Amino acid sequence: MSSDVLNHRPDGIPLSLARSPWEAYGSRVHVFPSIADPVKHVEDVRNLPMREDDVIIAAYPKSGTHWVWEVTHMLLHQTTEHERRTKEHLMLEATPDLQTIMDEPSPRIINSHLEFTHLPQEILTKRTKIIHLIRNPKDTLISLYYHYLAIAADFTVQALLDAAIQNKLMYPSQFDYLRQMSQFQKEHPDHPVLHIYYEEMNKDPDRILRKLATFLDVAGSDEFLQEVKEACKFESLKKIEEEEKKELPENLDRLCKENNVKVKMIRKGIVGDWKNELTKDQSDQLDAYIAREMDKGLDFNFIYE
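Just so we're clear, the structure is a prediction, and the values are computed from it rather than from any experiment.

Here's the deal with the nonpolar core
Judged by nonpolar contacts, the single largest core of 83 residues is most densely connected at L17, V71, L75, I131 and F155. Ranked by the residues each element gives to this core, the list is headed by helix α3 (residues 65-77), at seven residues. Once residues within four sequence positions are removed from consideration, V71 is found in contact with M201, L209, L212, V228 and C232. Listed in part, the six residues of the second largest apolar core include F32, I35, M91 and L252.

Right under this line is the structure:
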């Protein structure tokens, strides 16, 4: 997060969130702080060797990746001890030296907001299990706003809303992301993919934890799953973050300290917070945008409350 990254464009969007000038393999290139050559990084990630026991958590930003990453860690390692590191240690687009991911002991829980065309291509031949997270667009937008507000104090919801509707963000639209997920499944119908809705994880964690354990093919007694649920409650994860008990990757830790920035990943963890944040006009704008996108076709529905 250099000073350039923190600067704003005339439309009020932080440069770290603005649409990048590069594309590769038909998708826009994510520009992540500390990645010196984003286009080369796409190639490096695509060529990353995969293992049969790898798991990838794939999600549009602010869809609950930190939460599910922690749960998945506990299930795979059969523990209720929290992972000492943040998920960014194994986040494909945030890792300058992918050797660190290659050196990670199995089972690796890799995570990414990248589209499939930019993910490791051995996912197909190794039949890598994919946990795909979905969250309603209104809460996603508000969560994204607060995430970037930490590095751009004069950032506004309206600026983000305008940029999202005009497709001017670093990320593809949430709808395009979901469409490419659907396309992947149509082209590879036998690939192991589990869809998890953020809202269902919030409201019915027992059922979702059971689904996750079954998908990961791990032992999951009722007692153990209850312990995992308790350990991964929002209040527990928020307390761990507030007490700074988790280790950031060295590159991100250094950038945050150089710019006196504390990026919080866990805020409220509730469904329907958009009602507290959007004005009626903004909600109507977003409803109209969502309706236009849904009319183009989408295989996923959303849960708003």
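Observations concerning the UniProt feature "domain: Sulfotransferase" (unreviewed entry) in the protein
What UniProt calls "domain: Sulfotransferase" (unreviewed entry) maps, in this numbering, to residues 53-296. Between the end C-alpha atoms of residues 53-296 the distance is 36 Å, and the span holds 50% helix and 8% strand.

Comments concerning the sheet that holds strand β6 (residues 193-197)
Paired through backbone hydrogen bonds, the strands of a sheet run either parallel or antiparallel to each other. Ordered by their spatial adjacency, four strands build an open sheet running β4-β3-β5-β6, and the pairing between neighbours is parallel. Single-partner strands in this sheet number two, and they are β4 (109-112) and β6. Mean inter-strand twist for the sheet, computed between neighbouring axes without regard to direction, equals 20°. Examined bridge by bridge, strand β5 (residues 129-134) and β6 share five bridges and lie parallel to one another. Pairing of I134 across the sheet is with Y197, part of β6.

Looking at the pattern of salt bridges
For the coordinates displayed, the defined rule picks out 23 salt bridges. The partner of D299 in a salt bridge is K186, and the shortest N-O contact between them spans 3.8 Å. Of the two residues, D299 sits in the segment after α15 (280-295) while K186 sits in helix α8 (residues 174-187), which places them 113 residues apart along the sequence. Exposure class is identical for D299 and K186. Each is exposed. Residues R207 and D204 are paired through a salt bridge, measuring 3.1 Å at the closest nitrogen-oxygen approach. Three or more residues are tied together by salt bridges with common partners; here these are D176, R179, E293 and K296.

Structural notes on the packing of α3 against helix α11 (residues 222-231)
Two quantities define a packed helix pair, namely the angle between the axes and the distance from one axis to the other. Close contact between α3 and α11 brings their axes to 10 Å; oriented N to C, the two are set at 150°. In terms of orientation, α3 lies roughly antiparallel with respect to α11. Helix-helix and strand crossings are classified by hand; for α3 and α11 the assignment is right-handed. Where α3 abuts α11, its residues V71, M74 and L75 lie against F224, L225, V228 and A231.

Considering the side chain of H73
Within the fold, H73 resides in helix α3. Looking at H73, its side chain comes within polar contact range of the main-chain oxygen of E81, at 3.4 Å. Residues in contact with H73, not counting those within four places in the same chain, are T79, E81, H82, E83 and I109.

Structural notes on the packing of aromatic side chains
This structure, assessed with the given rule, holds ten aromatic pairs. Ring centres of W67 and Y198 lie 5.5 Å apart, and the angle between their planes is 75°; on these two criteria the pair is classed as edge-to-face. One end of the pair, W67, is in helix α3; the other, Y198, is in helix α9 (residues 198-203), and 131 residues separate them in sequence. Owing to a relative accessible area of 17%, W67 belongs among the buried residues under this scheme. The class for Y198 is buried, based on a relative accessible area of 8%. An angle of 85° between the planes, with centres 5.4 Å apart, marks the rings of F175 and Y289 as edge-to-face. Note that F175 is positioned in helix α8 and Y289 in helix α15, a separation of 114 residues in sequence. Across this residue pair, the class does not change: F175 and Y289 are buried. What links up through ring pairs into an aromatic cluster is the set F175, W274, Y289, F302 and Y304.

Conventions and cut-offs
- Residues numbered from 1 in each chain as written.
- Predicted model: local features only at pLDDT ≥ 70, side-chain atom pairs only at ≥ 80, totals over all residues.
- Heavy atoms only, no water.
- Core = buried A, V, L, I, M, F, W, Y, C linked by side-chain atoms within 4.5 Å.
- Buried < 20%, exposed > 50% of the residue type's maximum accessible area, 1.4 Å probe, protein only.
- Helix = DSSP H or I, 4+ residues; strand = E, 2+ residues; numbered from the N terminus.
- Contact = heavy atoms within 4.5 Å.
- UniProt positions renumbered as here; feature names shortened; annotations may be inferred.
- Pairing = 2+ DSSP bridges.
- Axes fitted to C-alpha atoms, helices over the stretch in contact; angles between N-to-C directions.
- Salt bridge = Lys/Arg side-chain N within 4 Å of Asp/Glu carboxyl O.
- Parallel < 35°, antiparallel > 145°, perpendicular 65-115°, else oblique.
- Left-handed = near helix turned anticlockwise from the far one by under 90°.
- Polar contact = N/O pair within 3.5 Å; in protein donor to acceptor, adjacent residues only side chain to side chain.
- Phe/Tyr/Trp six-rings, centres within 6.5 Å; stacked < 30°, edge-to-face > 60°.

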